Amino acid sequence: MGTERSAAERAAENYYDNVDADRFHEAIWGEDEVHIGLYGRNPAAIDIADACHRATVAMADRLLSLDATGRILDLGAGYGGAARYLAQRFGCKVLCVNISEVQNERNRRRNRGMSLHDSIDVLHGSSLDIPAEEASVDVVWAQDVFVYASGREHLVAEIDRVLKPGGQVLFTDPMQADMLAPETLAPLCERFKFEAMASPLWYRREFARKGFEQLEWCELTPELLQHYTAVRSALRQRYERLSQRISTAFMDRMLVNLDNWVSAAHAGYLRWGIFHFRKPLRAS
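I will try to describe carefully the structure that is included in this document. (Residues numbered from 1 in each chain as written. Predicted model: local features only at pLDDT ≥ 70, side-chain atom pairs only at ≥ 80, totals over all residues. Heavy atoms only, no water.)

Regarding the overall build of the protein
Inference 1: Each helix and strand counted, the protein has ten helices and nine strands in total.
Inference 2: Taking 2.2 N^0.38 as the reference for a compact globule, 284 residues should give roughly 19 Å; the C-alpha atoms of the protein span a radius of gyration of 18 Å, in line with that estimate.
Inference 3: Principal-axis analysis of the C-alpha atoms gives the protein an extent of 55 × 45 × 40 Å.
Inference 4: Here the protein holds 284 residues, and 55% of them are scored as buried.
Inference 5: For the protein, restricting intrachain contacts to residue pairs at least 6 apart in sequence, the fraction spanning at least 24 positions comes to 76%.
Inference 6: Summed over all atoms, the accessible surface of the protein reaches about 12,400 Å², with 47% contributed by carbon and sulfur.
Inference 7: Positive and negative side-chain charges in the protein, numbering 34 and 40 respectively, have mean positions lying 2 Å apart. (Helix = DSSP H or I, 4+ residues; strand = E, 2+ residues; numbered from the N terminus. Rg over C-alpha atoms; globule rule 2.2 N^0.38 Å. Buried < 20%, exposed > 50% of the residue type's maximum accessible area, 1.4 Å probe, protein only. Contact = heavy atoms within 4.5 Å. Areas by Shrake-Rupley, 256 points an atom, 1.4 Å probe, with all protein chains shown as cover. Lys, Arg positive; Asp, Glu negative; His and termini not counted. Charge placed at Lys NZ, Arg CZ, Asp CG, Glu CD.)

What follows is the structure in structure tokens.
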């Protein structure tokens, strides 16, 4: 506990607390889920908000033996859409930990409006310094937030600390391809001050070191390309209308950033998918 925040986390907090960013995400993603979506075989028929919810459902379908007695930790919970879905679907308690207090306040308002405030707790905090007791949660859930962490070995240790024996880790994350030279993605990493991206191989290795069993790696990299292409297209189409509420400087920077994501995905430098691990029932 008490770990100093990384430059990437500080940059992420400043970004997500920014009024332009908040208005941008609400306009493009909606007011529930801000992460990468699943578009399937007919992407033109799926809007961004629906695609994001499809990703949440696909992840939730993989949870094992979870009922109303369970407790889920949603790291980087954003506006809390996934937490509300999980609380309603499983009848369980959810703890949201998120670095943006602007998003946290919106999350709390939505929870009260849906009478879910007794089922969902929302705390300001970091995935590198999780405000939860040892062995206190059944599931650690995260959607595209581990990319902000530096010192990811400590992130894995924190997940191990808060999970009960036999608990599950279920997450998605933008990753670099295995064995890719980190400098290849320097333009992308610079935007949010990422030190580097993890790779699927890195996550498999680090969770294995803690004794975790890999239950699944469902690679869905084409969805990452489709998602950032869809976000870029939506911003271009709505640029003039959004300029009445969002600064053009912000949107211009965002378009450059989205171009970087799309170019890196096209080049085969990125990976994305659903990881599912389980903690051993007892220490090895």
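Quick word on unusual backbone geometry
Inference 1: Look at serine 65: it is not a glycine, yet its phi comes out positive at around 50 degrees.
Inference 2: As for its position among the elements, serine 65 is in the loop between helix H3 (48-60) and strand S1 (71-75).
Inference 3: Despite not being glycine, alanine 135 has its phi angle at roughly 50 degrees, a positive value.
Inference 4: Take alanine 135: it is sitting in the loop between strand S3 (120-124) and strand S4 (137-143).
Inference 5: Of the residues examined, alanine 135 reaches a relative accessible area of 35% and is grouped as partly exposed.

Observations regarding H3
Inference 1: Taking 1.5 Å of rise per residue, 13 residues should cover 18 Å, and H3 covers 19 Å from first to last C-alpha, within 8% of that figure.
Inference 2: Buried within H3 are the following residues: Ile48, Ala51, Cys52, Ala55, Thr56, Ala58, Met59 and Ala60.
Inference 3: On its buried side, H3 packs onto helix H2 (19-28), helix H4 (81-90), S4, strand S5 (163-172), helix H9 (221-242) and strand S9 (273-278). (Expected span 1.5 Å × (residues − 1).)

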